[in-house]
Amino acid sequence: MAAVIYHPAYRSYAFGDDHPFSPRRVEMTLDLLSELGHPVETIAPEPATEADLLGVHADYYVRRVKALGAGEEVADCHEYGLGTPDTPAFPGMDEAGRWLVGGTLTAARLIAEGGQRRVLQLGGGLHHARRNFASGFCVYNDLAIAINELTKRGLWVAYLDIDVHHGDGVQQILYEDGRAMTISLHESGRYLFPGTGEIHELGSGVGRGLKLNVPLEPFTQGGSYLEVFEEVVPAGLRHFSPGVLVVQAGADAHFDDPLADLMLTTRDYEAIFRRILEWADVYAAGRVLFTLGGGYSFRAAPRVWALLYLVMNGLPVPETLPAAWRSRWNSTLDAPLTEAFHDPELGDDAVPARDEIAQRNRQVAQRLLDAASAYWF
């Protein structure tokens, strides 16, 4: 069985009742798995230390996060992305962030010390946070901190980001690092936050050619997504020969997500998760660390993340959602939950210009591989 990292303190990472980055998404996931007869046994992490944070983040930035979380006034906080409508300050912000970082660090250490090969961190995935800047609901970058921990222990890391938004913070922090390959599939920054993640962003110095971005057209459906996924990811892994995969498993590329425009279904996510696990076995001796991430549809994200748990553990995927679970959560949601676990297949006419979108995505993937492979030898 895969090890699962979680602590109730994760719920304290909350920007307010109306903010889309809600801890309720994970609560729904855990409750769904329990109703399916698979109550999750979790490993409790410790919060990250300040020394852990300072391996990635600037000390003056951490001081400001702590001060805001303590209710102090920080006049220049907006210059660091803090206290904005996007990433508002909240009481205990530093401690809440350190719990999530601690969870991802615990997962990394379990793998590095040889005790586990598959680990699921039921939180984290805060891929937009930069060294000295909060962004996109992300205060501390748990992923970059955990990747640094793994590389310090001698494991080269392939970071795979399937969140609909570009993993810009992880890329920025690791841009010159030759021990980490980053691969991000995301809706093109021409249309979506954070506006980065073009194919020319290949890294620098010894990291040149190791930062791969696949900016996808809006309304990309599962068939096209999986086509470029299969073309780019194994090519990068074959070249890099990682010791471990770290995966940010955001659920916001789902067609029901309110903050983006990709068109994946739960069946597409199941196929993606199965392929990642296969690639971990082939290229990384089975070592893989998954975190969560974005995913702002209460109808979709809990199913996607429950799928991830089921697939990681070789458990069957049910046809229907438990009636008790739907009844319990429907009273808290604006739109009713579906009865089926999997989405219905989207028809060929679900997206205008479907073939043209797929062709543009193919061209992007080929241009990326042409550019990156010039640095592979």
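Residues numbered from 1 in each chain as written. Predicted model: local features only at pLDDT ≥ 70, side-chain atom pairs only at ≥ 80, totals over all residues. Heavy atoms only, no water.

**Student:** Any chance you could explain the overall build of the chain here in plain terms?
**Tutor:** Scanning the chain from N- to C-terminus turns up 11 helices and 7 strands. For the chain, whose C-alpha radius of gyration is 19 Å, the value lies close to the compact-globule estimate of 21 Å for 377 residues. Seen through its principal axes, the chain has C-alpha atoms that stretch 55 × 55 × 40 Å. Counting over 377 residues, the chain shows a buried share of 61%. (Helix = DSSP H or I, 4+ residues; strand = E, 2+ residues; numbered from the N terminus. Rg over C-alpha atoms; globule rule 2.2 N^0.38 Å. Buried < 20%, exposed > 50% of the residue type's maximum accessible area, 1.4 Å probe, protein only.)

**Student:** Whenever I open this one, the packing of aromatic side chains confuses me. Can you help?
**Tutor:** Any aromatic ring pair is given by two values, namely how distant the centres are and how the planes are angled relative to each other. Evaluated as defined, the whole model comprises 14 aromatic pairs. Note on Y61 and Y140: the rings are 6.4 Å apart at their centroids and 80 degrees apart in plane angle, and the pair reads as edge-to-face. Here Y61 is found in helix α3 (residues 59–69), whereas its partner Y140 is found in the loop between β2 (118–121) and α5 (142–152), with 79 residues between them in sequence. In this structure Y61 comes out as buried when scored by relative accessible area, which is 0%. A residue is classified by how much of its surface remains accessible, and Y140, at 0% relative accessible area, is buried. Through successive ring pairs, a cluster of aromatic residues spans Y13, F15, F21, F90, F137 and Y296. Note that R24 overlies the ring of F298, its terminal NZ or CZ placed 4.2 Å from the centroid. Seen from the ring of F21, R25 lies directly overhead, with NZ or CZ sitting 4.5 Å from the centre. (Phe/Tyr/Trp six-rings, centres within 6.5 Å; stacked < 30°, edge-to-face > 60°. Lys NZ or Arg CZ within 6 Å of the ring centre and 35° of its normal.)

**Student:** Where do I start with the sheet that holds strand β6 (residues 244–248) in this structure?
**Tutor:** Adjacent strands of a sheet pair through backbone hydrogen bonds, lying either parallel or antiparallel. In space, the 7 strands of this open sheet follow the order β1-β2-β7-β6-β3-β4-β5, with parallel pairing throughout. Pairing within the sheet leaves two strands with one partner each, and these edge strands are β1 (3–5) and β5 (211–216). The mean angle between the axes of side-by-side strands here comes to 15 degrees, regardless of whether they run parallel or antiparallel. Strand direction decides the pairing type here: strand β3 (residues 157–161) and β6, joined by 5 bridges, are parallel. In the strand pairing of β6, D161 is matched with Q248. (Pairing = 2+ DSSP bridges. Axes fitted to C-alpha atoms, helices over the stretch in contact; angles between N-to-C directions.)

**Student:** Could you clarify how one ought to interpret unusual backbone geometry in this entry?
**Tutor:** The bulk of non-glycine residues show a negative phi, and the bulk of peptide bonds are trans. Note that the residue after F193, namely P194, is joined by a cis bond; omega there is 5 degrees. Positive phi values are uncommon outside glycine, yet F219 reaches one of about 70 degrees. Within the fold, F219 resides in the loop between β5 and α7 (222–240). Here F219 falls in the partly exposed class, since its relative accessible area comes to 41%.

**Student:** Looking at this structure, I do not really get the pattern of salt bridges. What am I missing?
**Tutor:** Counted under the stated rule, the structure contains 24 salt bridges. For R11, the salt bridge identified is with E27, shortest N-O distance 3.9 Å. Of the two residues, R11 sits in the loop between β1 and α1 (24–35) while E27 sits in helix α1, which places them 16 residues apart along the sequence. Here R153 ties to E149 by a salt bridge, and the two come within 2.8 Å at their closest N and O atoms. Each member of the salt-bridge network shares a partner with another, and the members are D52, R109, E113, E149, K152 and R153. (Salt bridge = Lys/Arg side-chain N within 4 Å of Asp/Glu carboxyl O.)

**Student:** Explain the nonpolar core to me, please; I cannot follow it from the model alone.
**Tutor:** The nonpolar side chains of a soluble globular protein tend to be buried with one another. Among the nonpolar cores identified, the biggest contains 131 residues, and L82, L185, F229, F273 and F290 are the most heavily contacted of them. In terms of residue count, the dominant contributor to this core is helix α9 (residues 301–312) (10 residues). Setting aside anything within four residues of it in sequence, one finds F229 in contact with L160, I162, L185, P234, I272, R275, I276 and W279. (Core = buried A, V, L, I, M, F, W, Y, C linked by side-chain atoms within 4.5 Å. Contact = heavy atoms within 4.5 Å.)

**Student:** How should the environment of G197 be read in this particular structure?
**Tutor:** With respect to the helices, strands and loops of the structure, G197 is situated in the loop between β4 (180–187) and β5. Sequence separation between G197 and Y80 is 117 residues, and the spatial gap between their C-alpha atoms is 21 Å.

**Student:** Any chance you could explain the packing of α1 against helix α10 (residues 323–330) here in plain terms?
**Tutor:** The packing of two helices is summarised by the inter-axis angle and the distance between the axes. In the contact formed by α1 and α10, the axes pass within 9 Å of each other and the chain directions differ by 155 degrees. Here α1 lies roughly antiparallel to α10, going by the angle between them. For the pair α1 and α10, the crossing hand works out as right-handed. Counted together, R24, E27, M28, D31, L32 and E35 of α1 and A324, W325, R328 and W329 of α10 form the full contact between these two elements. Residues belonging to the contact of α1 with α10 are distributed by class as follows: 5 nonpolar, no polar and 5 charged. (Parallel < 35°, antiparallel > 145°, perpendicular 65-115°, else oblique. Left-handed = near helix turned anticlockwise from the far one by under 90°. Nonpolar A, V, L, I, M, F, W, Y, C, P; charged D, E, K, R; others polar.)

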